[in-house]
Protein chains: 2
Amino acid sequence: MAESVERLQQRVEELERELAQERSRRALGGGDGGGGRVRIEKMSPEVVDSNPYSRLMALKRMGIVNDYEKIRTFAIAIVGVGGVGSVTAEMLTRCGIGKLLLFDYDKVELANMNRLFFQPHQAGLSKVQAAEYTLRNINPDVLFEVHNYNITTVENFQHFMDRISNGGLEEGKPVDLVLSCVDNFEARMTINTACNELGQTWMESGVSENAVSGHIQLIIPGESACFACAPPLVVAANIDEKTLKREGVCAASLPTTMGVVAGILVQNVLKFLLNFGTVSFYLGYNAMQDFFPTMSMKPNPQCDDRNCRKQQEEYKKKVAALPKPEVVQEEEEIIHEDNEWGIELVSEVSEEELKNSSGPVPDLPEGITVAYTIPEKQEDSVAEVTVEDSGESLEDLMAKMKNM
Amino acid sequence: MAESVERLQQRVEELERELAQERSRRALGGGDGGGGRVRIEKMSPEVVDSNPYSRLMALKRMGIVNDYEKIRTFAIAIVGVGGVGSVTAEMLTRCGIGKLLLFDYDKVELANMNRLFFQPHQAGLSKVQAAEYTLRNINPDVLFEVHNYNITTVENFQHFMDRISNGGLEEGKPVDLVLSCVDNFEARMTINTACNELGQTWMESGVSENAVSGHIQLIIPGESACFACAPPLVVAANIDEKTLKREGVCAASLPTTMGVVAGILVQNVLKFLLNFGTVSFYLGYNAMQDFFPTMSMKPNPQCDDRNCRKQQEEYKKKVAALPKPEVVQEEEEIIHEDNEWGIELVSEVSEEELKNSSGPVPDLPEGITVAYTIPEKQEDSVAEVTVEDSGESLEDLMAKMKNM
């Protein structure tokens, strides 16, 4: 009898432990933190229902990507795991990226539930922890490294720089790409500073405060304009204030706009890393009009960031050292020489549209033009992309943004 | 002592029951099927972390949507809960739609894990059941009705028609919109047949077999071209075979392309239902070039579907009965009269680009033009959008597709 009681007591303890484990697993990520499927050593193209990579490896058979397996050799840092960053991380995880480094200091809230990825039972957990558990369950082949801190403080900035420089797939090597999915000017400038110093290629993304426009931008230090040379949306459409989240303002957001921005961001990452299609230097999304402007920008030789200017010098030397014919061709494909900063429109705005566009051209320094214009038949509600004659120069706008 | 044993045995049974419940909850949807948060009677604009609707209600304050709460009065049927349909359902659920009706007959497989939404521990469950549990957990305010069957069989088709006609938010009323997120020609034609017969507005979506292009299309029976008048991508770019999944072919797929297509689909749904921005009749996505063509098409007066022709007659009568000035204006906004079917390009291709585009124009009946052209500097890998001179007419292509 005594033995029976002891066995029962043991069984109760065992069950209580298992129940607690189950509950914490469910709270954390919905899955069981890796047990959803076994790890896979080598990506296989085999067409069977049990192969999670069959539809990706099919990109080779379809003639889109030469070497899809290469995806496993890349490490990507994502700063900001919110409406855009979390979906970006999930897409890369499902694509079978080698390693993800996630940076965020926020907690999951019910107020985030109007965007994809996080679920109500995760409210209160740190975003990076909740994301890691969910993502690990989705694809246990991916390596994760998460940092629950604000990159803009002095101490954390040093650590952030160190992980960008050494947190690659092989420890000690730099990451292959940094993705900015943050919602404020300061964090973007911090990433910009780090990447200019390290010569680290990165992509920036953003969604407007009114939830109906967004953009992505590829920044190769020294080669294309950095965030300090000219913040993308100031140049693009004079919509600075609505683009960057202001302190104390409850911005609107939509899962649609954020899903599209994450989608075009990760698509650009895949094209960049796996070498297919045309990589965009800037791609905008205007949801009200279903308009997607593209452009590219040369760096500003007078950029405030001295590391940007240094990278520009190094890039010039690199280009000068290349055999002549290739250089000329490459330059011409990316950059037009007919204005100071090389801003150009790529195919979205016809001559006729430009003629018919409403609104005066904003007051910008010579050589900078707006990236898109508004068609004549315009609804009142799209004030955020109206090119207003605010009488402010680019410098004024940037000074304003710095003060936010 | 006997009492103690009995109590312990009861406790073991209780714990075993709870553990089994926890495990089944986790297997089904990751959450606890509704306990993630409590139901909310009325959408509030209050800016607090615990309000899941604060960022959506902010769309009113931002001047984008007049009456966001109206979202709760709509019922939407989604046919196909795969790579596009599942994300579409999740976005609408997070936006707080009134009711979703989901139709699919497939099971979750590990081979689906390269797209968003489903998780490995759901493998083996029916897609509609797994989706319902996950979505109910995300937003318990949404009503769900799921049907685990193939809509193309005679018996199921009748039931499908009945639910479209009577499955609205109030039983007996029709749904507000049908979304096609299927991957084959037969299912699209079935939805088209049903919607033409019922005069039901619907939106079609598709992703190409090579994973790097997609489209959405709005079909208002009698007013815009139906799927039988001219399948969208045949007209758009002569890429019939790669667009529609063929039997026995393992199509490639990417979470990026499917996420973008779901995003532009649900954005179009929100604009259509909540009356903001410009609703697109057709929006394409070419991921290789980051090119997003738009167009609109008038219905074909010789359409094979007699209900389409009937709806055209009814639309004509309706338009004729309207006061004159509005009619003329409305017509001119949507449709140009300079070719037989009213196909027009909207602003994406400039005159210069058209001149510089490579490849001969395909052999299509008079009055039909291609929706987009390929810029001169073209990579070899984008064969799927090359306008080839196949010598085939639109009729030939459609006959081919019907035989697939």
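Here the structure is a predicted model, which means the values were calculated and not measured.

1. So, the overall build of chain A
1) Next: Counting its secondary structure elements, chain A contains 13 helices and nine strands.
2) Next: Classification of the 404 residues of chain A by burial places 60% in the buried group.
3) Next: For chain A, contacts bridging at least 24 residues in sequence account for 68% of all contacts bridging at least 6.
4) Next: With an accessible surface of roughly 16,100 Å², chain A has 48% of that area assigned to carbon and sulfur atoms.

2. Some points on helix α4 (residues 127-138) of chain B
1) Next: The end-to-end C-alpha distance of α4(B) is 16 Å, a good match for the 16 Å that twelve residues give at a rise of 1.5 Å each.
2) Next: Burial analysis of α4(B) places nine of its twelve residues in the buried class, which makes it a mostly covered element.

3. Let's talk about the relation of the copies chain A and chain B
1) Next: Mapping chain A onto chain B is achieved by rotating through 180 degrees and translating by 0.1 Å along the same axis, at an RMSD of 0.3 Å. Here the two chains are linked by the operation of a two-fold rotation axis.

4. Observations concerning the pairing of strand β7 (residues 282-286) of chain A
Residues and elements named next belong to chain A.
1) Next: Counting buried residues along β7, five of its five residues qualify, which places the element largely inside the surrounding structure.
2) Next: Residues of β7 alternate between two faces, with Y282, G284 and N286 on one and L283 and Y285 on the opposite face, all of them buried.
3) Next: Of the pairings in the sheet, the one linking β7 to strand β8 (residues 294-296) comprises two bridges and is antiparallel in character. Each bridged residue has a counterpart across the sheet, and for Y282 the counterpart in β8 is M295.

5. Quick notes on the confidence of the model for chain A
Residues and elements named next belong to chain A.
1) Next: Looking at chain A, pLDDT values average 79 and 72% of them are 70 or higher.
2) Next: Here residues 234-245 is modelled with pLDDT under 50, and outside its nearest four sequence neighbours on either side it reaches 51 contacts, counting other chains as well.
3) Next: Taken together, the stretch residues 396-404 has pLDDT below 50 and engages in 20 contacts with residues farther than four places along the chain or on a different chain.
4) Next: ipTM for the predicted complex: 0.77, alongside a pTM of 0.78.

6. Considerations on the environment of A:M161
Residue and element names in this part refer to chain A.
1) Next: Secondary-structure assignment places M161 in helix α5 (residues 154-166).
2) Next: As a C-alpha pair, M161 and L198 span 37 residues in sequence and 8.2 Å in three-dimensional space.
3) Next: In contact with M161, not counting residues within four places along its chain, are A194, E197 and L198.

7. Section: the state of the cysteines
1) Next: Across all of its chains, the model carries zero disulfides over all chains by this definition.
2) Next: Summary of cysteine pairing: A:C181 is not part of a disulfide, and the nearest cysteine sulfur, belonging to A:C195, is at 12 Å.
3) Next: You can see B:C229 has no disulfide; the closest cysteine sulfur is in B:C308, sitting 3.7 Å from it.

8. A word on the interface of chain A and chain B
1) Next: Counting residues at the interface gives 99 residues for chain A and 99 residues for chain B.
2) Next: Summed over both sides, the interface between chain A and chain B buries roughly 8,700 Å², with carbon and sulfur atoms accounting for 61% of that surface.
3) Next: Along the contact surface separating chain A from chain B lie four salt bridges.
4) Next: Put simply, A:E16 and B:R11 hold a salt bridge, and the shortest N to O gap is 2.9 Å.

9. Section: unusual backbone geometry
1) Next: The phi torsion at A:F117 lies on the positive side, around 90 degrees, for a residue other than glycine.
2) Next: In this fold, A:F117 is placed in the loop between β2 (99-103) and α4 (127-138).

10. Concerning the pattern of salt bridges
For side chains of opposite charge, pairing can occur when their charged atoms come near one another.
Residues and elements named next belong to chain B.
1) Next: In this structure the tally under the stated criterion is 32 salt bridges over all chains.
2) Next: Across the salt bridge formed by R37 and D141, the nearest N and O atoms sit 3.0 Å from each other. A residue pair is termed long-range when its members are at least 10 positions apart, and R37 in the loop between α1 (2-29) and α2 (54-61) and D141 in the loop between α4 and β3 (143-147) qualify at 104 residues. With respect to class, R37 is no different from D141; both count as buried.
3) Next: Among the salt bridges present, the one from E170 reaches K173, with a minimum N-O distance of 3.4 Å.
4) Next: Residue classification places E170 among the exposed residues on the basis of a relative accessible area of 51%.
5) Next: K173 sits in the partly exposed class, given a relative accessible area of 45%.

11. Points about the packing of helix α6 (residues 185-198) of chain A against helix α10 (residues 306-321) of chain A
Residue and element names in this part refer to chain A.
1) Next: Where α6 contacts α10, the axes come no closer than 8 Å and their chain directions differ by 35 degrees. In this structure, α6 crosses over α10, and the sense of that crossing is left-handed. Seen from α6, the contacting residues are N196, E197 and L198; seen from α10, they are N307, C308 and Q311.
2) Next: Here the contact of α6 with α10 is composed, by residue class, of two nonpolar, three polar and one charged.

12. What to know about the pairing of β2(A)
Residue and element names in this part refer to chain A.
1) Next: Burial of β2 is extensive: five of the five residues sit out of reach of the surface.
2) Next: Note that strand β1 (residues 75-79) and β2 share five bridges and pair parallel. Following the sheet pairing, I76 is matched in β2 by L100.
3) Next: In this structure, β2 lies alongside strand β3 (residues 143-147), joined through five bridges in parallel fashion. Across the sheet, L101 pairs through a bridge with E145, a residue of β3.
4) Next: After leaving β2, the chain enters α4 and then returns to the sheet as β3, a path that is right-handed.

13. Notes on the environment of B:G82
Residue and element names in this part refer to chain B.
1) Next: By the element assignment, G82 lies in the loop between β1 (75-79) and α3 (85-95).
2) Next: Expressed as a C-alpha distance, the spacing of G82 and L19, which sit 63 residues apart in the sequence, is 31 Å.
3) Next: Among residues more than four places away in sequence, those in contact with G82 are V87, D104 and K127.

14. A few points about the side chain of A:R37
1) Next: Given the relative accessible area of 6%, A:R37 is considered buried.
2) Next: At 2.5 Å, the side chain of A:R37 and the side chain of A:N139 are in polar contact.
3) Next: For A:R37, the residues in contact, after removing those within four places along its chain, are A:P52, A:Y53, A:I138, A:N139, A:P140, A:D141, B:L110 and B:P120.

15. Points about the side chain of B:R55
1) Next: One can find B:R55 in helix α2.
2) Next: Despite its burial, B:R55 pairs with no opposite charge; the closest candidate is B:D49, at 5.5 Å N-O.
3) Next: With residues up to four places along the chain from it excluded, the contact list for B:R55 reads A:A111, A:N114, A:R115, A:C250, A:A251, A:A252 and A:S253.

16. Details of helix α6 (residues 185-198) of chain B
All names here are of chain B.
1) Next: If you check α6, its first and last C-alpha atoms are 20 Å apart, about what 14 residues at 1.5 Å a residue would give, namely 20 Å.
2) Next: Counting buried positions along α6 yields ten of 14 residues, so the element is predominantly enclosed.
3) Next: In this structure N184 caps α6, since a side-chain oxygen of it lies 3.3 Å from the backbone nitrogen of E186.
4) Next: In the segment just after α6, G199 is the residue with positive phi, at about 65 degrees.

17. Some points on the packing of aromatic side chains
1) Next: On inspection of all chains with the given rule, the structure shows eleven aromatic pairs over all chains.
2) Next: A ring pair is formed by B:Y285 and B:F292, whose centres lie 4.9 Å apart and whose planes are at 15 degrees; its orientation type is stacked. Per residue, the accessibility class of B:Y285 equals that of B:F292, and both read buried.
3) Next: Following the ring pairs from residue to residue traces out a cluster consisting of A:Y285, A:F292, B:Y285 and B:F292.

18. Some details on the packing of α5(A) against α6(A)
Residues and elements named next belong to chain A.
1) Next: Relative orientation of the contacting elements α5 and α6 amounts to 50 degrees, with a least axis distance of 11 Å. One way to sum up the angle between α5 and α6 is to call them oblique. Classified by chirality, the crossing of α6 by α5 is right-handed. Packed against α5, whose contacting residues are F157, F160, M161, I164 and S165, the element α6 presents T190, I191, T193, A194, E197 and L198 at the interface.
2) Next: Looking at the contact of α5 with α6 residue by residue, the classes come out as seven nonpolar, three polar and one charged.

Thresholds, definitions, all that
Residues numbered from 1 in each chain as written. Chains lettered and ligands numbered in written order. Predicted model: local features only at pLDDT ≥ 70, side-chain atom pairs only at ≥ 80, totals over all residues. Heavy atoms only, no water. Helix = DSSP H or I, 4+ residues; strand = E, 2+ residues; numbered from the N terminus. Buried < 20%, exposed > 50% of the residue type's maximum accessible area, 1.4 Å probe, protein only. Contact = heavy atoms within 4.5 Å. Areas by Shrake-Rupley, 256 points an atom, 1.4 Å probe, with all protein chains shown as cover. Expected span 1.5 Å × (residues − 1). Least-squares fit on C-alpha atoms with pLDDT ≥ 70 in both. Pairing = 2+ DSSP bridges. pLDDT = per-residue confidence, 0-100. Disulfide = S-S within 2.5 Å. Buried area = accessible area lost by both parts, 1.4 Å probe. Salt bridge = Lys/Arg side-chain N within 4 Å of Asp/Glu carboxyl O. Axes fitted to C-alpha atoms, helices over the stretch in contact; angles between N-to-C directions. Left-handed = near helix turned anticlockwise from the far one by under 90°. Nonpolar A, V, L, I, M, F, W, Y, C, P; charged D, E, K, R; others polar. Right-handed = clockwise from strand over helix to strand, strands pointing away. Polar contact = N/O pair within 3.5 Å; in protein donor to acceptor, adjacent residues only side chain to side chain. Lys, Arg positive; Asp, Glu negative; His and termini not counted. Phe/Tyr/Trp six-rings, centres within 6.5 Å; stacked < 30°, edge-to-face > 60°. Parallel < 35°, antiparallel > 145°, perpendicular 65-115°, else oblique.

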